[in-house]
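# Survey of secondary and tertiary structure
Below are the chains, spelled out letter by letter.
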Amino acid sequence: MCLGALVDAGAKFNAIKKLLSQIPIAGYTISARRVMRAGISSTKVDVIVVDKRGHAHSETRKWKDIRAIVNKSVLPERIKQKGLAIFRNLFEAEGKVHGEPFDSVHLHELGATDCIVDIFGTLIGMDVLGIEKVVVSPINLGSGTVHTAHGILPVPTPATIELLKGFPVYSSEIQFELTTPTGAVILKTLASSSTSFPCMSVETIGYGAGNREITRMPNVLRLSVGRPYPADGATDNSVMVMETNIDDMNPQYYEGAMKKLFAAGALDVFLENIIMKKGRPAVKLTAIVGDNEADKIADILFRETTTIGIRFYRAERKVLDREIKKIKTKYGLIRFKISRLRGKIMTCTPEYEDVRSISEKTNIPAREIVRELAGCK
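Below you will find a few notes about this structure. (Residues numbered from 1 in each chain as written. Predicted model: local features only at pLDDT ≥ 70, side-chain atom pairs only at ≥ 80, totals over all residues. Heavy atoms only, no water.)

Of all hydrophobic cores here, the largest spans 51 residues; its most connected members are L20, I30, F87, I119 and F120. Among the elements of the structure, helix 1 (2-8), helix 2 (13-20), strand 1 (28-37), strand 2 (40-49), helix 3 (63-72), helix 4 (77-98), helix 5 (113-129) and helix 7 (181-190) are those that each provide at least two residues to this core. Per-element accounting of this core gives the leading share, eight residues, to helix 5. When residues no more than four places from it in sequence are discounted, the contact partners of F120 are L20, I23, V70, L75, I79, K80, G83 and F87. Counting residues in hydrophobic clusters, the runner-up holds 20 residues, among them M242, M258, A266 and V283. (Core = buried A, V, L, I, M, F, W, Y, C linked by side-chain atoms within 4.5 Å. Buried < 20%, exposed > 50% of the residue type's maximum accessible area, 1.4 Å probe, protein only. Helix = DSSP H or I, 4+ residues; strand = E, 2+ residues; numbered from the N terminus. Contact = heavy atoms within 4.5 Å.)

What follows is the structure, encoded as structure tokens:
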């Protein structure tokens, strides 16, 4: 439903399929079609996994299997890291529920090819649309029971409710599983929650269809894509600043920790050299995060660094309206980050990952490419 909503909102399905083909998995087909759900025209994306005889089947994989598949792909690094963060959260939730270490638990149907395609298809669709921030309303879980590889389980399933700790959830008492573990882990990793519709200028709307009609409500996921409002000036909002002093960690570990913090939704992460008591050199790691991200960012800091304590406080900030726009250049399409104040362009900077890729292909120094691309129209 996430992928269907993104396609319905304008993400090119063929572009998503092309990038999905960069993942070394086979034995599946993916298609998109228009359907009606309670009178609402929606996009239904189907992922069908078949064996060599053409029969539907479900694979089982462990964390190491998923990680190997992702690392072998040639997807952009930003998508790889977000995908690994999603799957790690999923494995950890399943491990906690079943009382097993996360790296030994089997995900059964959740670890199968269709799950990989759903998750990475969603990440690719978000990247295609240039989505930088996701906010979700209170989440309807449904009710009743559902058949799984572990037998009949209550709705929400144990993994789903484990993943959604900290999010506002409810049940409309519809006898149907309205939120699956796959959907829950996408929200946990990529989204923050809000009890009201965010102040934004809506530009496109997409509806992703579920498998069947249900009573009392349309079985669709609605996605509204737009920009913060007001769009022509600086926007005021608050963030959480989280910081910790570390004096006993191998410096080689910081890069991996920072990648995982960014993949989990940190707005910024930076390091500072400091001197602690008794003249000990140390590093202060600071992460700036959204209001609802503190718990999962803290989990990553405790897991990926040697810290035993984190300070955090709320701070106000003023930010310019920003967008990611693909611009045609002599080197091809390049993503630029454009900021505006009251409609006037203040900065226009090429994305470094794109510049680095061009530099590697052409052997032209990155700084020369940036100099050529200075300014944009």
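Here the narrative resumes, following the displayed structure.
A surface patch of nonpolar side chains, about 280 Å² in accessible area, is lined by F197, V202 and I205. Of note, F197 is situated in the loop between strand 8 (191-193) and strand 9 (200-209). Taking the relative accessible area as the measure of exposure, F197 reaches 54% and is therefore exposed. (Patch = residues over 30% accessible without salt bridge, like charges linked within 9 Å, V, L, I, M, F, W, Y side chains within 5 Å. Areas by Shrake-Rupley, 256 points an atom, 1.4 Å probe, with all protein chains shown as cover. Salt bridge = Lys/Arg side-chain N within 4 Å of Asp/Glu carboxyl O.)

Turning our eyes to something else, we now look at the side chain of T286. Turning to its location among the elements, T286 is positioned in strand 13 (residues 281-289). Contacts of T286, omitting those with residues within four sequence positions, involve V241, M242, E243, D268, V269, F270 and E272.

A word on the sheet that holds strand 15 (residues 321-329). Here we have three strands laid out as an open sheet, ordered 15-16-17, and antiparallel in their pairing. Edge positions in the open sheet fall to strand 15 and strand 17 (344-350), since each of these has one partner strand only. Averaged over all pairs of adjacent strands, the angle between their axes in this sheet comes to 30 degrees, without regard to strand direction. With nine bridges connecting them, strand 15 and strand 16 (residues 332-341) associate as antiparallel partners. Residue pairing for strand 16: K326 is matched across the bridge by R335. In the packing of helix 10 (residues 352-362) onto the sheet, contacts are made with strand 16 and strand 17, and the angle to strand 16 comes to roughly 155 degrees. (Pairing = 2+ DSSP bridges. Axes fitted to C-alpha atoms, helices over the stretch in contact; angles between N-to-C directions.)

Turning our eyes to something else, we now look at the pattern of salt bridges. Applying the stated criterion across every chain, the model contains 23 salt bridges. Salt-bridge contacts for K259 lead to E77; the nearest nitrogen and oxygen are separated by 3.9 Å. In this pair, K259 is assigned in helix 8 (residues 253-263) and E77 in helix 4, connecting sequence segments 182 residues apart. Using a relative accessible area of 33% as the deciding quantity, one classes K259 as partly exposed. On the basis of relative accessible area, E77 is assigned to the partly exposed category, the value being 32%. Connected through shared salt-bridge partners, R88, E92, K260, R303 and E304 make up one network.

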